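Residue-level listing of the chains:
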Amino acid sequence: MQKIDVVVIGAGASGLMCAIEAGKRGRKVMVIDHANKAGKKILMSGGGRCNFTNYQVDAENFISQNSHFCKSALSRFSQWDFLAMIDQYQIPFHERSHGQLFCDDSAKNILDMLLAECKKINVDIQLNCTINIIKKISDKEFHLKTDKDNIQCQSVVVATGGLSIPKMGATAYGYQIAEQFDINVLPVCAALVPFTLQPDDKERYSALSGIAVPCEVSNQRQSFKENVLFTHRGLSGPAILQISSYWKAGELVQVNFLPELDVRQMLLEKRNNKVKMQLKTILAEYLPKRLVDVLIQQKLLISSLQDLSNKDLTEVVKNIENWQIKPNGTEGYRTAEVTLGGVDCSEISSKTMQSLTVPGLFFVGEVLDVTGWLGGYNFQWAWASGWCAGQYV
Ligand SMILES: Cc1cc2nc3c(=O)[nH]c(=O)nc-3n(C[C@H](O)[C@H](O)[C@H](O)COP(=O)(O)OP(=O)(O)OC[C@H]3O[C@@H](n4cnc5c(N)ncnc54)[C@H](O)[C@@H]3O)c2cc1C
C-alpha cells in the first residue's frame, strides 16, 4: 500500500496545474492517467499552437447553471498569472483577434512547461494506469485500487475533463466518481461543435463547401461576430462553434452575412442614383458569388436594380441579413472542443473546488459545469480551477 497525500486523476491541463501547486506546498502528489501520454488535448489544441488564454477574461465568457461559480477562481488565478509562468519559461506567443493568445511555435511549449514544473517538485506521473476502485475509508482518507498498485491518500482531485474526442482518452469517469459519492451531475452535451444540416439543406448548400464569410450568428440568447465556414458536412467556423454552445435541438439559428452593412440602404442609394447593374453584379462586390447564387432567387439576381420592387428588395435583404437555418444536429463529441454541463457547481466550493459533502474530494477543469467560449477560456478555467484546488488539497 502506497501512502500519498494527493492523487490527481487526469494528467491534462487542470490536473497538472493542480499537481504543481500542491507539490509546491510540499504535498506528495501522484497524477494518474489511463492514457499513454500526458496533456494530449493541450498538444492538439489551437491547431497545434494552443490558444492558452485570452487578454480579456470575464465570467460572461463562461456558461454554467451557476454563473457566479467561476468568478472567484478566475480572479485568484488570472490570465496575467498564467502569462507570468509563460514569461518565466520564455515561451513566445502572439495575440490573434478578440484577445486570443497562441504559442508562436507549438503547443508542446505549454505541456513541456507544465511537465518541467512537475519534475521540479517530484510529482509522480503514472501513465497507462487504470483506477478500478475509489473508496472513502475514513473522514480523512481514500483508498484507490489501480491496475498497478493500492494507494491510500488524503485528497482525490478529479481532473478527467469532458467527453470530447474519445480517441484522445476522454471518458465519463469523472461524472461516475461524482455519482458514486452522490454528487449531482447536470446533463452533458457536445459544445463548440460544427452543425450538421437537414438532408435537403445539405444538398442545397453543398456547392458552398470551403467558403468562409465574416458573419453575425445569433439566436435568442447570444450572438457572435466571426467567420462562418461551409463544409461538406454542414456549418463550421468560429461563429458556428460559439453559437453551438447556446443551441438546443430543433432551434433555428440566424445568420447576417453582412453585419457591418445596411443592405437595404445600400441598394436604395444605388437605385436612387440610377445604377443599372444587375443585382448579382452589385452583390458580388460584397459576398462570394457562389453564396449569392444560393441565397437569392436567380430571377432577382439577373434583374437590373432599377426593375426591383421594394418587396423584392425586402426579400433580398432578408436572405442576406436574416438567413435562417435549422441545423439537423451537431457533429457530437467526435469533433467537439468541449462538453457543456457536468458536475453541478452548487455542490462544490468555489474557493477550494472541494465537494461540499465529501471532504477531501475535489473537482477541477472541464468535468465541472463550467464551459468557456472559444478563445482560450477553457484553458484559463483549467489553469484557474486547478490552481485553486492546489492551494487546499
Ligand atoms: C481539438 C481541441 C482543441 C482545443 N483547443 C483549445 C484551445 O485552443 N484553447 C482552449 O482554451 N481550449 C481548447 N480546447 C478545450 C481544452 O482542451 C479543454 O477544455 C481542457 O483541456 C480541459 O482541461 P481538463 O484538465 O479539464 O481536461 P483534459 O485536458 O481533457 O484532461 C483530462 C485528462 O484526464 C484523463 N482521463 C480521462 N478519463 C480518465 C480515466 N478514466 N482514468 C484516468 N485518466 C482519465 C485524460 O486522458 C486526460 O489526460 C480544445 C479541445 C479540443 C478537443
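This section reports on the structure supplied with the text. The model shown is predicted, which means the values in this text are computed figures rather than measured ones.

It is worth spelling out the overall build of the protein at this point. Looking only at helices and strands, one finds 14 helices and 21 strands in the protein. Across the 393 residues of the protein, 54% fall into the buried class. In the protein, 72% of the contacts between residues at least 6 apart in sequence involve partners at least 24 apart. Total accessible area on the protein is roughly 17200 Å²; 49% of this is exposed by carbon and sulfur atoms. Of the side-chain charges in the protein, 41 are positive and 40 negative, and the distance between the mean point of each set is 3 Å.

The subject of this paragraph is helix H5 (residues 108-120). Under the 1.5 Å per step criterion, the end-to-end length of H5 is 18 Å for 13 residues, consistent within 8% with the ideal 18 Å. For H5, the set of buried residues is Ile 110, Leu 111, Met 113, Leu 114, Glu 117 and Cys 118. Taken down its axis, H5 places every buried residue within 160° of arc, on the same side. The outward face of H5, more than 90 degrees from its buried face, is lined by the exposed residues Lys 119 and Lys 120. Residue Asn 122 follows H5 closely and has a positive phi angle near 60°.

A separate point is empty space enclosed by the protein. All chains considered together, the criterion is met by one cavity of 30 Å³ or more. Quantified by volume, the largest cavity comes out at close to 40 Å³. Every residue lining the largest cavity is listed: Leu 197, Lys 202, Tyr 205, Ser 206, Phe 230, Thr 231, His 232, Arg 233 and Gly 234. Grouping the amino acids of the lining of the largest cavity by side-chain chemistry returns three nonpolar, four polar and two charged.

To continue, consider the pattern of salt bridges. Going through the model one piece at a time under the given rule, you end up with nine salt bridges. Of the charged contacts in the structure, one is a salt bridge between Arg 233 and Glu 331, with a shortest N-O distance of 2.9 Å. Remark: Glu 331 occurs in the loop between strand E18 (329-330) and strand E19 (338-343) and Arg 233 occurs in the loop between strand E14 (223-230) and strand E15 (234-236); sequence separation between them is 98 residues. Overall, the relative accessible area of 35% leaves Arg 233 in the partly exposed class. Residues Lys 289 and Asp 293 are paired through a salt bridge, measuring 3.0 Å at the closest nitrogen-oxygen approach. Taken as a pair, Lys 289 and Asp 293 lie in helix H11 (residues 289-295) at a separation of four residues, close to a single helical turn. Here the salt bridges share partners, and the residues they tie into one network are Arg 233, Glu 331 and Arg 334.

This next bit is on the packing of helix H1 (residues 13-24) against helix H14 (residues 377-390). Two elements in contact, H1 and H14, have axes separated by 7 Å at closest approach and are oriented at 30°. In terms of orientation, H1 and H14 fall into the roughly parallel class. Two packed elements cross with a definite hand, and for H1 against H14 that hand is right-handed. Together, Ala 13, Ser 14, Met 17, Cys 18, Glu 21 and Ala 22 of H1 and Phe 379, Ala 382, Trp 383, Ser 385, Gly 386, Trp 387, Ala 389 and Gly 390 of H14 make up the contact between the two elements. Tallied by class, the residues present in the contact of H1 with H14 amount to nine nonpolar, four polar and one charged.

Our focus in this paragraph is the site of the ligand. By nearness alone, 31 residues border the ligand, and Ser 14, Asp 33, Thr 171, Glu 366 and Phe 379 come closest of all. In this structure, an oxygen atom belonging to the ligand sits 3.1 Å away from a main-chain N or O atom of Gly 46. Between the ligand and Glu 366, the relevant distance is 2.7 Å, taken from an oxygen atom to a side-chain nitrogen or oxygen of the residue. Contact with the protein chains removes 93% of the 1000 Å² of surface that the ligand exposes when unbound. No other element matches H14, which puts four residues into the shell around the ligand. Here the shell around the ligand is built from residues that sort into 13 nonpolar, 14 polar and four charged.

This paragraph deals with unusual backbone geometry. The backbone phi angle of Asn 128 is positive, close to 50°, even though this residue is not glycine. You can call Asn 128 partly exposed: its relative accessible area is 45%.

Where helix H3 (residues 69-76) contacts H14, the axes come no closer than 8 Å and their chain directions differ by 85°. Classified by the interaxial angle, the pair formed by H3 and H14 is roughly perpendicular. Along its contact with H3, which presents Phe 69, Cys 70, Ala 73, Leu 74 and Arg 76, the element H14 presents Gln 380, Trp 381, Ala 384, Ser 385, Trp 387 and Cys 388. Its residues assigned to classes, the contact of H3 with H14 shows eight nonpolar, two polar and one charged.

Our focus in this paragraph is the sheet that holds strand E13 (residues 212-218). In space, the seven strands of this open sheet follow the order E17-E16-E13-E14-E15-E12-E18, with antiparallel pairing throughout. Of all strands in the sheet, those with a lone pairing partner are strand E17 (323-325) and E18, marking the two edges. Note that strand E16 (residues 253-256) and E17 share three bridges and pair antiparallel. Following the sheet pairing, Gln 254 is matched in E17 by Gln 324. In the packing of helix H13 (residues 310-321) onto the sheet, the strands contacted are E16 and E17, and the crossing angle to E16 comes to about 110°.

Counting residues in hydrophobic clusters, the biggest one holds 133 residues, and the most contacted among them are Ile 110, Phe 257 and Trp 383. Among all residues touching Phe 257, those that are not within four sequence positions of it are Val 213, Pro 214, Cys 215, Phe 230, Leu 287, Leu 291, Leu 295, Asn 319, Ile 320 and Trp 323.

This part takes up the environment of Ser 245. With respect to the element layout, Ser 245 can be found in the loop between helix H8 (238-244) and E16. A C-alpha to C-alpha distance of 7.2 Å links Ser 245 and Leu 340, two positions 95 residues apart in sequence. Ignoring anything within four residues of it in the chain, the contact list for Ser 245 reads Ile 63, Ala 191, Leu 192 and Leu 340. Here the side chain of Ser 245 touches Leu 192 through a polar contact of 3.3 Å, landing on its backbone nitrogen.

Thresholds applied
- Residues numbered from 1 in each chain as written.
- Predicted model: local features only at pLDDT ≥ 70, side-chain atom pairs only at ≥ 80, totals over all residues.
- Heavy atoms only, no water.
- Helix = DSSP H or I, 4+ residues; strand = E, 2+ residues; numbered from the N terminus.
- Buried < 20%, exposed > 50% of the residue type's maximum accessible area, 1.4 Å probe, protein only.
- Contact = heavy atoms within 4.5 Å.
- Areas by Shrake-Rupley, 256 points an atom, 1.4 Å probe, with all protein chains shown as cover.
- Lys, Arg positive; Asp, Glu negative; His and termini not counted.
- Charge placed at Lys NZ, Arg CZ, Asp CG, Glu CD.
- Expected span 1.5 Å × (residues − 1).
- Arc of directions from axis to C-beta.
- 1 Å grid on protein atoms, 1.4 Å probe; cavity = no way out; pocket = protein on both sides within 12 Å on 5 of 7 lines; lining within 4 Å.
- Points joined across faces, edges and corners; volume = space filled by probe spheres on them.
- Nonpolar A, V, L, I, M, F, W, Y, C, P; charged D, E, K, R; others polar.
- Salt bridge = Lys/Arg side-chain N within 4 Å of Asp/Glu carboxyl O.
- Axes fitted to C-alpha atoms, helices over the stretch in contact; angles between N-to-C directions.
- Parallel < 35°, antiparallel > 145°, perpendicular 65-115°, else oblique.
- Left-handed = near helix turned anticlockwise from the far one by under 90°.
- Near = heavy atom within 4 Å.
- Polar contact = N/O pair within 3.5 Å; in protein donor to acceptor, adjacent residues only side chain to side chain.
- Pairing = 2+ DSSP bridges.
- Core = buried A, V, L, I, M, F, W, Y, C linked by side-chain atoms within 4.5 Å.

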